[in-house]
Amino acid sequence: MKNTEKYFYSVAGFIEDMNEINANYDKAVKRLEPFKGSDGYNQGMQEAQAQREASVRQMRETYLKQFREVAAKMRDSVSRRPLVAPATEQTALLSVLQMRQSLEKDELERAAQQMGGCPVALAVLDDLAQKHKVRGVRFNRELTADDLRSRIDTLERAALELIQEGARAASRAMPKNAVSCLERYGCFSQIPKKGAGLYGDITSTDLETDTQAIAAFCEAVNG
């Protein structure tokens, strides 16, 4: 199972288990209702509460271990990501561009089309664009190692907050899948839809999930 799927199933599992614990507690309270006001009722309520607290404590320990293991595996995958060197023709083109005294936007864009999506080569083009003060371009869309680690930290913090909520976590909406889980707990920002217009005119209906960024994250942390 992939690391992102493990994270999703851990989130969903914790919420589901908290729902079950609350349901069992509610059943116990309902069984005691006819005896309300008696010594037996008070004792029964104390036992029901103690049982719920013990169950929540056990689930917290179980899921805390799961979340930390998943986060550790994600970080390990990031540290082992291979760097793919540009092909010979791409390297030659980059070398020529680096010797140029000036570069225009259209030249860099045409060069980017010949880089075959190679992140290292596209990063060089970004450096050249910055060097020659070419604005409005960004060729390398790959998340950096720092970006990835920051996302993992966010996911881990979100998981710890979920665990701290204990039984109250049962009120949280259940994520539908790994992507929706990452979007909610990993703080992936929504982006404007194609043709949405200027930023000043964009409303919430003009935004959509940044599936490209989430896909890049999944590829990097799943090993």
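Reference entry: report on the structure contained in this document. Given the structure is predicted, the values throughout are model-derived calculations rather than measurements.

1. Description of the overall build of the chain
Link 1 in the chain: Helix and strand counts for the chain stand at eight helices and two strands.
Link 2 in the chain: In terms of overall dimensions, the chain is more spread out than a globule: its C-alpha atoms have a radius of gyration of 26 Å, far above the 17 Å expected for 223 residues.
Link 3 in the chain: On the principal axes, the C-alpha backbone points of the chain span a range of 90 × 40 × 25 Å.
Link 4 in the chain: Evaluated residue by residue, the chain yields a buried proportion of 38% over its 223 residues.
Link 5 in the chain: A separation of at least 24 residues holds for 71% of the contacts in the chain among residues at least 6 apart in sequence.
Link 6 in the chain: Surface exposure of the chain reaches about 14000 Å², of which carbon and sulfur atoms provide 49%.
Link 7 in the chain: Mean positive and mean negative side-chain charge positions of the chain (32 and 32 charges, respectively) differ by 1 Å.

2. With respect to the packing of aromatic side chains
Link 1 in the chain: Considering all chains together, one arrives at three aromatic pairs under this definition.
Link 2 in the chain: Relative to Tyr 63, the ring of Phe 14 has its centre 5.3 Å away and its plane inclined at 80°; by these criteria the two rings are edge-to-face. Within this pair, whereas Phe 14 is found in helix 1 (residues 3-32), its partner Tyr 63 is found in helix 2 (residues 39-79), the two being separated by 49 residues in sequence. Note on accessibility: Phe 14 and Tyr 63 belong to one class, buried.
Link 3 in the chain: The ring centre of Tyr 25 lies 3.9 Å from the NZ or CZ of Arg 52, which sits over that ring.

3. Overview of empty space enclosed by the protein
Link 1 in the chain: With the rule as written, the count across this model stands at one cavity of 30 Å³ or more.
Link 2 in the chain: One number sums up the size of the largest cavity: a volume of about 40 Å³.
Link 3 in the chain: Lining the largest cavity, in full, are Tyr 7, Phe 67, Val 70, Ala 71, Met 74, Ile 152, Leu 155, Glu 156 and Ala 159.
Link 4 in the chain: Elements represented by at least two residues in the lining of the largest cavity include exactly helix 2 and helix 6 (145-165).
Link 5 in the chain: Its residues assigned to classes, the lining of the largest cavity comprises eight nonpolar, no polar and one charged.

4. Some thoughts on the pattern of salt bridges
Link 1 in the chain: Summed over all chains, the structure comprises seven salt bridges.
Link 2 in the chain: For the salt bridge of Arg 75 with Asp 153, the shortest nitrogen-to-oxygen distance reads 2.8 Å. Of this pair, Arg 75 sits in helix 2 while Asp 153 sits in helix 6, and the two are 78 residues apart along the sequence.
Link 3 in the chain: Looking at Asp 153, the relative accessible area reads 31%, which means it is partly exposed.

5. Re the environment of Ser 189
Link 1 in the chain: Looking at where Ser 189 falls in the secondary structure, it is placed in the loop between helix 7 (178-185) and strand 1 (191-192).
Link 2 in the chain: Overall, Ser 189 belongs to the exposed group, its relative accessible area being 52%.
Link 3 in the chain: Note: C-alpha distance between Ser 189 and Gly 136 (53 residues apart in sequence) is 20 Å.

6. Brief notes about the nonpolar core
Link 1 in the chain: Tyr 7, Tyr 185 and Phe 217 are the most contacted members of the largest nonpolar core, which totals 38 residues.
Link 2 in the chain: Setting aside residues no more than four positions away along its own chain, Tyr 185 makes contact with Tyr 7, Val 11, Ile 15, Thr 154, Leu 155, Ala 158, Leu 162 and Arg 172.

7. Regarding the state of the cysteines
Link 1 in the chain: A full pass over the atoms with the stated rule returns zero disulfides.
Link 2 in the chain: Here Cys 181 stays free of any disulfide, with the sulfur of Cys 218 as its closest cysteine sulfur at 10 Å.
Link 3 in the chain: Take Cys 181: its relative accessible area is 0%, and that puts it in the buried class.

8. Some remarks on the packing of helix 7 against helix 8 (residues 211-221)
The axes of two packed helices give the description: the angle between them and the distance between them.
Link 1 in the chain: The N-to-C vectors of helix 7 and helix 8 enclose an angle of 100°; their axes lie 11 Å apart at closest approach. Here helix 7 is positioned roughly perpendicular relative to helix 8, judged by the angle of their axes. Residues Val 179, Leu 182 and Glu 183 of helix 7 form the contact with helix 8, whose participating residues are Ile 214, Phe 217 and Cys 218.
Link 2 in the chain: Tallied by class, the residues present in the contact of helix 7 with helix 8 amount to five nonpolar, no polar and one charged.

9. A word on the packing of helix 6 against helix 8
Link 1 in the chain: Close contact between helix 6 and helix 8 brings their axes to 11 Å; oriented N to C, the two are set at 90°. As far as their axial angle goes, helix 8 and helix 6 are roughly perpendicular. Contacts between helix 6 and helix 8 involve Leu 148, Arg 151, Ile 152 and Leu 155 from the first element and Phe 217, Ala 220 and Val 221 from the second.
Link 2 in the chain: Partitioning the contact of helix 6 with helix 8 into residue classes produces six nonpolar, no polar and one charged.

What counts as what
- Residues numbered from 1 in each chain as written.
- Predicted model: local features only at pLDDT ≥ 70, side-chain atom pairs only at ≥ 80, totals over all residues.
- Heavy atoms only, no water.
- Helix = DSSP H or I, 4+ residues; strand = E, 2+ residues; numbered from the N terminus.
- Rg over C-alpha atoms; globule rule 2.2 N^0.38 Å.
- Buried < 20%, exposed > 50% of the residue type's maximum accessible area, 1.4 Å probe, protein only.
- Contact = heavy atoms within 4.5 Å.
- Areas by Shrake-Rupley, 256 points an atom, 1.4 Å probe, with all protein chains shown as cover.
- Lys, Arg positive; Asp, Glu negative; His and termini not counted.
- Charge placed at Lys NZ, Arg CZ, Asp CG, Glu CD.
- Phe/Tyr/Trp six-rings, centres within 6.5 Å; stacked < 30°, edge-to-face > 60°.
- Lys NZ or Arg CZ within 6 Å of the ring centre and 35° of its normal.
- 1 Å grid on protein atoms, 1.4 Å probe; cavity = no way out; pocket = protein on both sides within 12 Å on 5 of 7 lines; lining within 4 Å.
- Points joined across faces, edges and corners; volume = space filled by probe spheres on them.
- Nonpolar A, V, L, I, M, F, W, Y, C, P; charged D, E, K, R; others polar.
- Salt bridge = Lys/Arg side-chain N within 4 Å of Asp/Glu carboxyl O.
- Core = buried A, V, L, I, M, F, W, Y, C linked by side-chain atoms within 4.5 Å.
- Disulfide = S-S within 2.5 Å.
- Axes fitted to C-alpha atoms, helices over the stretch in contact; angles between N-to-C directions.
- Parallel < 35°, antiparallel > 145°, perpendicular 65-115°, else oblique.

Function cannot be inferred from these measures alone, as they are strictly geometric.
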